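# What the coordinates show
Now for the letters of each chain:
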Amino acid sequence: MDAAETQTIDIGRYLRILWANAWLVVLTIAVLAGAVYYWSNGQPKVYQASSLVRVFDPSDPTVSSGGVHVDPIREVDIQVLYAQSPEVVAEFKHRMGKAAAQITSTAVSGVTTADAVTISVSSGNPKLAQSGAGTYAQVYVDRQRAALAARFGSQAATFRSQAKDLQTQIAGLDKQISDLQPTDASHVVLQGGRPIVVPESDQLRNLSSQRDALASKYADLINQAAQADVSSSNRQADIDIVQPAALPKTPASPLPLRDAAIAALAGLLVGLGLVVLRTRLRERVTTTGDLGAAAPEMPFVTAVPPNHSRFRRTRSPSLDLISSADGRLAESYRTMRAALRFSQLPEDAMVLLITSARASEGKTTTAANLAVSLAQAGEKVVVVDCDLRHSNIHELFQISNERGFSSVVTKTCSLREAVRTVNVPGGAVDVLPAGPRTTNPAELLLKSGTTEILSELKSRYRFVIVDGPPTLPVADALTLSRSVSGVLLVVRAGRTRTAALRQANQLLRQFDAPLQGAVLVGAHHENTYGGYYDYPANLGPMRKRKHVKRPTSSPPSKPALSPSLVTADHPSVNEEKQSGSEEKQSGSEETQSGSEETQSGHTDGPDKPVERQDQVRG
């Protein structure tokens with residue numbers, strides 16, 4: 001049963017891949033078929049005429065040799081070779097004269113079922129093709145008949161020559177016999193009154209016997225010579241043009257439709273090959289099914305839909321939970337938050353490393369938004385940017401990067417001075433940016449200061465969200481995995497390659513990283529909650545959603561996050577207010593959503609700017 005289900009899933013995956021790349025197959029077929037049709041249609045027309053020539057009659061006794069019947073297949077093959085001989089071709093060109101230059105090609109093929117050969121001649125002129133096929137066939141017939149006549153004539157001449165020699169010998173014997181025989185009746189005597197014939201001599205009897213043998217052999221040679229003449233006549237009659245060449249009405253080539261059909265079939269095979277090659281080279285994770293197939297042992301946490309509003313309004317960095325009004329987006333982070341809060345990780349504090357297989361796959365955005373979601377739920381959370389090569393956390397939260405993680409490790413500032421508090425709608429997030437770039441980030445992360453910083457943050461916060469480097473390009477994430485209590489692997493739909501995901505999963509497991517699961521970001525409606533938020537519940541997810549036009553508002557002149565953030569130089573700014581908000585936010589998610597708007601200082605939705613609330617720590 002499991003094998004059958006796995007096979008069904010694989011077939012469905014292959015069908016999805018084929019459907020997604022159907023344009024490539026169709027394009028390949030169209031290009032090849034169109035190019036071949038255009039090329040074939042532009043070629044000069046060639047007409048072909050054929051003559052059918054019988055080469056022998058198997059029922060004719062003259063085809064037998066010594067009582068053994070001739071093999072028809074072998075005889076036809078021999079005749080095909082003879083018809084293609086240089087002598088026959090030269091004679092054909094001689095008879096055609098100047099018209100031979102207009103002959104495109106000639107071909108001879110055997111028809112073993114009819115004991116015949118087919119002679120075909122091609123030319124751009126249909127009449128010339130017909131004339132050429134007839135001439136070629138006649139040349140073959142004439143030369144073959146002449147060859148048969150010469151062969152059997154030679155045999156007959158040999159027999160007659162031998163018979164002539166025997167005739168001379170017989171004449172000599174006749175003369176010797178005549179000389180030995182008496183000319184009068186002296187050889188007859190009377191004995192007892194009766195005539196008695198005197199017996200012939202032994203010499204005479206020997207000569208007579210020799211003459212009779214030569215006479216019999218002479219008769220046989222004369223009969224063989226006569227039979228050779230008959231065989232020559234019969235075999236020449238067997239070779240005949242049984243089907244003269246007809247005038248071709250349609251060209252034999254080119255055939256644009258046939259050529260295009262063959263090219264289309266070849267294009268289908270080439271297109272499928274390109275799909276396989278493209279899938280092998282660019283195989284990416286697009287659905288949760290692809291994620292499960294690539295890493296079946298990795299738990300799946302949630303799927304985050306793409307934030308289209310962020311790309312429509314501005315290209316500047318922004319937090320999805322603040323810049324988007326999409327309820328599905330917030331729900332996906334709530335699901336991720338719930339999975340972490342009810343996980344089997346330590347209850348006192350959680351240090352969670354957010355990483356990905358390669359760069360630009362959404363790990364930084366996921367880390368920042370997860371921290372915002374935890375803060376909105378009343379959790380005390382800090383975001384640490386440990387991607388010292390390409391830091392982006394400070395851009396998302398729009399804070400300075402002059403002091404940060406690298407500054408604390410190198411002892412240029414204290415942890416209290418490096419951490420910044422950022423107010424977001426519904427809570428506050430403490431942020432430890434990456435700080436100034438260093439010449440060797442790998443060695444910096446290997447220092448004991450990294451573990452000390454994470455341990456100190458763990459003692460102050462319930463959740464420490466670490467934005468780490470990607471796993472495959474550098475070993476920084478593997479180094480950090482030894483100092484955290486959980487690792488979350490971010491996979492971007494349509495970008496993360498399947499091979500990269502497998503390799504990253506394998507590396508993390510080889511280093512015994514506490515891998516908690518994978519998050520699929522940028523997933524479409526089939527993997528998210530679109531059916532709940534975007535169309536009525538009675539419409540299934542396979543039904544096409546009707547577009548609902550939402551009221552539009554003018555985009556803000558500045559990034560949507562900047563008016564709503566409040567920064568301070570201490571991680572515990574306004575702790576009393578924050579702890580009070582934690583109590584208020586301990587209710588249901590719906591009540592919490594309403595309080596988020598109240599606490600953010602606006603009621604018009606997350607897309608509108610929030611007034612800055614400057615706080616000064618005494």
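Residues numbered from 1 in each chain as written. Predicted model: local features only at pLDDT ≥ 70, side-chain atom pairs only at ≥ 80, totals over all residues. Heavy atoms only, no water.

### A few points about the sheet that holds strand β3 (residues 116–123)
- Read across the open sheet, the 4 strands follow the order β2-β3-β1-β6; overall the sheet is antiparallel. Strands at the two margins of the open sheet, each flanked by one partner only, are β2 (103–111) and β6 (240–243). Each strand of the sheet is rotated relative to its neighbour by a mean of 30°, with strand direction disregarded.
- Pairing of strand β1 (residues 47–54) with β3 involves 8 bridges; the strand directions are antiparallel. When the sheet's bridge partners are listed, glutamine 48 is paired in β3 with serine 122. (Pairing = 2+ DSSP bridges. Helix = DSSP H or I, 4+ residues; strand = E, 2+ residues; numbered from the N terminus. Axes fitted to C-alpha atoms, helices over the stretch in contact; angles between N-to-C directions.)

### Details of a nonpolar patch on the surface
- A grouping of Ile11, Leu15, Leu18, Leu265, Leu268, Leu269 and Leu272 is seen on the molecular surface, where their side chains present a nonpolar patch of about 620 Å² in accessible area.
- Looking at the nonpolar patch, the elements with two or more residues in it are α1 (2–20) and α7 (256–282).
- It is α7 that provides the largest number of residues to the nonpolar patch, a total of 4 residues.
- Relative to the elements of secondary structure, leucine 15 occurs in helix α1. (Patch = residues over 30% accessible without salt bridge, like charges linked within 9 Å, V, L, I, M, F, W, Y side chains within 5 Å. Areas by Shrake-Rupley, 256 points an atom, 1.4 Å probe, with all protein chains shown as cover. Salt bridge = Lys/Arg side-chain N within 4 Å of Asp/Glu carboxyl O.)

### What to know about the pairing of strand β8 (residues 350–356)
- For β8, the buried fraction is high: 7 of the 7 residues fall into the buried class.
- Where burial is concerned, the two faces of β8 agree: the one with Met350, Leu352, Ile354 and Ser356 and the one with Val351, Leu353 and Thr355 are both buried.
- Both β8 and strand β12 (residues 463–467) contribute to a ladder of 5 bridges, which runs parallel. In the strand pairing of β12, valine 351 is matched with valine 464.
- Note: β8 against strand β13 (residues 486–492), 5 bridges, orientation parallel. Note that in β13 the partner of leucine 353 across the bridge is valine 487. (Buried < 20%, exposed > 50% of the residue type's maximum accessible area, 1.4 Å probe, protein only.)

### Let's talk about the side chain of threonine 355
- Summarising the element assignment, threonine 355 is placed in strand β8.
- For threonine 355, a relative accessible area of 0% corresponds to the buried category.
- Among the polar contacts made by the side chain of threonine 355, one reaches the main-chain carbonyl oxygen of proline 469 at a distance of 2.8 Å.
- Leaving out residues up to four positions away in the same chain, threonine 355 has contacts with Lys363, Pro469, Pro470, Thr471, Ala477, Val487, Leu488, Leu489 and Val490. (Polar contact = N/O pair within 3.5 Å; in protein donor to acceptor, adjacent residues only side chain to side chain. Contact = heavy atoms within 4.5 Å.)

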